[in-house]
Amino acid sequence: MKRRNYLLFLSMIAMFVTRVAAEDGSRLWLRQTAGDSIVHISIPRQSPTLNIAAEELRKDWKGVPVELHIDKKQEKTKSAEGFCIRSGKDKIIITSRSEIGLLYGSYHLLRLQATHTLPSSESAQPIYEVPAFKLRILNHWDNLDGTVERGYAGQSLWKWDELPDKLSPRYTEYARANASIGINGTVLNNVNASPQILSEEYLQKIKTLADIFRPYGIRVFLSINFATPIVLGGLPTADPLDKDVIHWWKQKIKQIYHLIPDFGGFLVKANSEGQPGPCDYGRTHAQGANMLADALKPYKGIVMWRAFVYSPTDADRAKQAYLEFQPLNGQFHSNVIVQIKNGPVDFQPREPYSPLFGAMPQTQQMVEFQITQEYLGFSNHIAFLAPMWKEFYNFVSPTTLKAVAGVSNIGTDTNWCGHHFAQANWYAFGRLAWNPHLSSEKIADEWLKQTLYINVENTKDEVHTSLKQLMLESREAIVNYMMPLGLHHLFAWGHHYGPQPWCNIAGTRPDWMPSYYHKADEQGIGFNRSSTGSNAVMQYPDSLRQLYNNIYTCPEEYLLWFHHVPWTHTLSSGFTLWEELCKHYDHGVQQVREFQKIWNSAQNYIDSTRFVEIQSKLKIQMRDAIWWKDACLLYFQQFSKKSFPYSIEQPIHELNELQKAILPISNFECPDSKLLNAIR
Ligand code: GCW
């Protein structure tokens, strides 16, 4: 090779290596690189939103010229945020009734390109897209001191100390990533809210963020502390019927809208886990919510009022939200939406849906999913959550909901979410909020193609298929090795990372202890919520109530949620409950072993940095799966007094060793392998 060519060859290799090495996950699913030619993109006028759309297309679109048109009369896309893409031989036309619809359309076109799913010929049918929910919102549980409650991806994105003067480039990148998947709202702060968020000083900072997010179609909302009029306003009470309190809120809201004219409204956690609320003054949740809603109404603001309430009473925790909220049906004003967690307890790996959905027909409702993996291995385990959210929609029709919220898993980590695969949950949340009918497989397919491969075209089909399979199975694997057959809340107290089915801390609330949920004894295991027990089944519609109430018809994935089942009870497989429990735990472990193999087989198609990082996380997940299986089975064996089936992998731990292990982490950390290896 001539010297010049040789040098050129070397520099090409260097470029390739730098490109590959530069993969740190920071670009999320937006990794397209510019085409060689500059394609003509035309927009109807200059505006911040349309300029972004044009810039995105100019940067990444590699096809024929694209024209964006506002079409106020566009029929098929009833929502102003919807769009239509028509492709012809010489150009592509995107139309929408709004600028933001055109931005969504542009991102959609780029997604089709990146996933190699562009309509192939000019005869292709136009693509119409309309969001299923008007409000698609992230809930950040970010505290003002920079920590994130149940966040496992570093610190809060919001640098409150630096705002409003210094702006992190991440603010724009965040808005862009959200817009690319259709998310259009964000609650910036934790539902355990500090009253300071409404101080003049913070409102100035929030205004700056709102200004950055606006062109991307993202509206800002805030979580508020119900006692703010006392703490910030110096009033003696926060009673929602008190005139001074009402006046205080009206003034505060006026001040907010003066700074942020398109402010979205409030999210409220009241009278829950120690937070103040209207019940402190003998008022109902509806009275509290309506007072705020009335003050927001002139500005078109809304209140999202959480139904996550429970207290250490005799009533089964799974029944409490329904008991407290259902009687308030019809009492909430028109700009209040009751925000309900998908399940009746608390974001467990599997729960039946919350029976409060559909039980308040005269009240607007929205669902709250948890994107951050508080109960699914933090940012150490792969848990693709689209299948879990789709499971919810098997029971609750999206048409009955006003909005959808997801507790964010985003932080300052370079890869945003702590685990590269956890980005897929941010992505899936947005895609399903836009269209809950998309299949989990389609979403996994899209995410993998856009995010993970060095080159989509060169990636072998079988590798892609097995990675998809890994994603689709990942949540079920966690259910298997953590808490199968309807078991729930076996987590260590406080941090919710590892297993502690034995946990019993004297003086602590019983409904925070695992034994409250599993109720293992010599007869059997499980929470009797049937008509002979807490009767939580009563809260479900007739057909489901009958199904769940009967130990023989209750779906096995919910069996120990609804029944206390004898160890010797025979399940549909012909095995006893004890045997089946052992097999499920073991199957979960085997699934993770398989995930490791699948991952290793993908090595040639993934950059080395992310390949190794994910490989290391899978090692943690593997050991955790064994830890979970051993801890739970050895502990429950004390009650069942039965041996393990020979066919399963036998324990490698001693129960008393595991019981001694305490993981020294807070609510805000994800343990690393060193910490974990020291205790298991
Ligand atoms: O699941 C529990 C979490 C708390 C959280 C609470 C809630 C924000 O452990 O950390 O507090 O739910 O949803 O309000």
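Residues numbered from 1 in each chain as written. Predicted model: local features only at pLDDT ≥ 70, side-chain atom pairs only at ≥ 80, totals over all residues. Heavy atoms only, no water.

It is the contact of helix 13 (residues 461-482) with helix 18 (residues 608-640), at a shortest axis distance of 8 Å, that shows an interaxial angle of 35 degrees. Residue-level contacts link I478, Y481 and M482 of helix 13 to Q621, A625, W628, K629 and C632 of helix 18. Partitioned by chemical class, the residues of the contact of helix 13 with helix 18 number 6 nonpolar, 1 polar and 1 charged. (Axes fitted to C-alpha atoms, helices over the stretch in contact; angles between N-to-C directions. Helix = DSSP H or I, 4+ residues; strand = E, 2+ residues; numbered from the N terminus. Contact = heavy atoms within 4.5 Å. Nonpolar A, V, L, I, M, F, W, Y, C, P; charged D, E, K, R; others polar.)

Turning our eyes to something else, we now look at the side chain of E149. Here E149 shows up in the loop between strand 6 (135-139) and helix 4 (169-180). Although buried, E149 forms no salt bridge, and the nearest oppositely charged side chain, R150, lies 4.3 Å from it. Separated by 3.0 Å, the side chains of E149 and N192 make a polar contact. Among all residues touching E149, those that are not within four sequence positions of it are W141, N143, N190, N192, N667 and F668. (Buried < 20%, exposed > 50% of the residue type's maximum accessible area, 1.4 Å probe, protein only. Lys, Arg positive; Asp, Glu negative; His and termini not counted. Salt bridge = Lys/Arg side-chain N within 4 Å of Asp/Glu carboxyl O. Polar contact = N/O pair within 3.5 Å; in protein donor to acceptor, adjacent residues only side chain to side chain.)

Here we come to the environment of I181. With respect to the secondary-structure elements, I181 resides in the loop between helix 4 and strand 7 (185-187). The exposure class of I181 is buried, given its relative accessible area of 3%. Counting along the chain gives 252 residues from I181 to A433, while the straight-line C-alpha distance between them is 8.9 Å. Sequence-distant contacts of I181, that is, excluding residues within four places in its chain, are made with W29, R111, W426, Y427, G430 and R431.

In this section: the site of the ligand. Around the ligand, a shell composed of 15 residues is seen, among which E149, K269, K341, D346 and E374 lie nearest. At 2.4 Å, a side-chain N or O of E149 approaches an oxygen atom of the ligand. Contact with the protein chains removes 97% of the 340 Å² of surface that the ligand exposes when unbound. Grouping the constituent residues of the shell around the ligand by class yields 4 nonpolar, 3 polar and 8 charged. (Near = heavy atom within 4 Å. Areas by Shrake-Rupley, 256 points an atom, 1.4 Å probe, with all protein chains shown as cover.)

On to the pattern of salt bridges, then. As enumerated under the stated definition, the model contains 38 salt bridges in all. Its salt-bridge partner being K341, residue D346 comes within 2.8 Å of it at the nearest N-O pair. Accessibility assignment for this pair places D346 and K341 in one class, buried. Connected through shared salt-bridge partners, E23, R27, R31, D607 and R610 make up one network.

Quoted interface sizes are often the accessible area lost when the parts come together. Taken domain by domain, the protein comprises domain 1 (25-129), domain 2 (135-451) and domain 3 (480-527 + 564-679). Taking only C-alpha atoms, the centre of domain 1 and the centre of domain 2 are 30 Å apart. When residues of domain 1 are sorted by the area they lose upon contact with domain 2, L28, W29 and R111 head the list and together hold 32% of the total. Here domain 1 and domain 2 share 2 salt bridges between them. For the pair domain 1 and domain 2, the number of links is 12 residue pairs in polar contact (both at pLDDT 80 or more). (Domains from an automatic or database assignment. Buried area = accessible area lost by both parts, 1.4 Å probe.)

Moving on to the pairing of strand 13 (residues 403-407). The element strand 13 is extensively covered by neighbouring structure, given that 5 of its 5 residues are classed as buried. Burial along strand 13 is two-sided: A403, A405 and V407 facing one way and V404 and G406 facing the other are all buried. Note that strand 6 and strand 13 share 5 bridges and pair parallel. Across the sheet, L138 pairs through a bridge with G406, a residue of strand 13. The sheet contact formed by strand 12 (residues 365-370) and strand 13 spans 5 bridges and is parallel. Bridging across to strand 13, F369 finds its partner in G406. (Pairing = 2+ DSSP bridges.)

Turning next to the packing of aromatic side chains. If you walk through the whole model with that rule in mind, you get 47 aromatic pairs. Between W502 and Y635 the ring centres are 6.1 Å apart and the planes differ by 65 degrees, which places this aromatic pair in the edge-to-face class. Residue W502 is found in the loop between helix 13 and helix 14 (514-518), and its partner Y635 is found in helix 18; the two are separated by 133 residues along the sequence. For Y635, a relative accessible area of 10% corresponds to the buried category. In this structure, R509 packs its charged tip against the face of W512, placed 4.4 Å from the ring centre. (Phe/Tyr/Trp six-rings, centres within 6.5 Å; stacked < 30°, edge-to-face > 60°. Lys NZ or Arg CZ within 6 Å of the ring centre and 35° of its normal.)

The next point concerns the sheet that holds strand 4 (residues 92-96). Across a sheet, paired strands are connected by hydrogen bonds in the backbone, their directions being either parallel or antiparallel. Across the sheet, 5 strands lie side by side as 1-2-4-3-5; this open sheet has mixed pairing. On the outer flanks of this sheet lie strand 1 (41-42) and strand 5 (127-129), each paired with one strand and no other. Alignment of strand 3 (residues 83-87) against strand 5, held across 3 bridges, turns out to be antiparallel. Paired with I85 across the strands is I127, a residue of strand 5. Here helix 3 (residues 99-114) sits on the sheet in contact with strand 2 (66-70), strand 3, strand 4 and strand 5, set at roughly 140 degrees to strand 4.

If you walk around this closed barrel you meet the 8 strands as 6-7-8-9-10-11-12-13, and the pairing is parallel. Averaged over all adjacent pairs, the angle separating strand axes in this sheet is 25 degrees, with direction ignored. Alignment of strand 8 (residues 219-224) against strand 9 (residues 265-268), held across 4 bridges, turns out to be parallel. In the strand pairing of strand 9, L222 is matched with F266. Packed onto the sheet, helix 11 (residues 423-434) meets strand 6, strand 12 and strand 13 and runs at close to 155 degrees relative to strand 6.

In an α-helix, one turn spans 3.6 residues; hence positions three or four apart end up facing the same way. A rise of 1.5 Å per residue sets the reference length of helix 13, with its 22 residues, at 32 Å; its end C-alpha atoms lie 32 Å apart and thus fit the reference within 8%. Along its length, helix 13 shows its largest kink, about 40 degrees, at S474. (Expected span 1.5 Å × (residues − 1). Bend = angle between axes of the 7 residues up to and from the residue.)

As a further point, take the nonpolar core. Counting residues in hydrophobic clusters, the biggest one holds 221 residues, and the most contacted among them are F213, F266, W426 and F636. Element by element, the count of residues in this core is highest for helix 18, at 15 residues. (Core = buried A, V, L, I, M, F, W, Y, C linked by side-chain atoms within 4.5 Å.)

Glancing now at the packing of helix 4 against helix 5 (residues 200-213). Put simply, helix 4 and helix 5 touch, their axes get as near as 9 Å, and they point 50 degrees apart. The orientation of helix 4 with respect to helix 5, classified from their angle, is oblique. For the pair helix 4 and helix 5, the sense of crossing is right-handed. Facing Y171, T172, Y174 and A175 of helix 4, the residues of helix 5 in contact are L209, I212 and F213. Looking at the contact of helix 4 with helix 5, its residues break down into 6 nonpolar, 1 polar and no charged. (Parallel < 35°, antiparallel > 145°, perpendicular 65-115°, else oblique. Left-handed = near helix turned anticlockwise from the far one by under 90°.)

The subject of this paragraph is the side chain of S534. Inspection of the secondary structure puts S534 in the loop between strand 14 (524-525) and helix 15 (542-549). Overall, S534 belongs to the buried group, its relative accessible area being 17%. Excluding anything up to four places from it in sequence, S534 contacts D316, K319, F527, N528 and R529.

Turning to the environment of E594, a few remarks are in order. Inspection of the secondary structure puts E594 in helix 17 (residues 577-601). E594 sits in the partly exposed class, given a relative accessible area of 39%. Through-space distance from the C-alpha of E594 to that of A424 is 20 Å; in sequence the pair is 170 residues apart.

This part is about unusual backbone geometry. Across the junction of L163 and P164, the peptide omega takes the value 0 degrees, indicating a cis bond. Tracing the backbone shows P164 in the loop between strand 6 and helix 4. Even without a glycine there, the phi angle at W416 is positive, about 75 degrees. Along the polypeptide, W416 turns up in the loop between strand 13 and helix 11. Of note in the backbone geometry, L485 takes a positive phi value of approximately 55 degrees without being a glycine. Mapping L485 onto the fold places it in the loop between helix 13 and helix 14. For L485, a relative accessible area of 5% gives the class buried.

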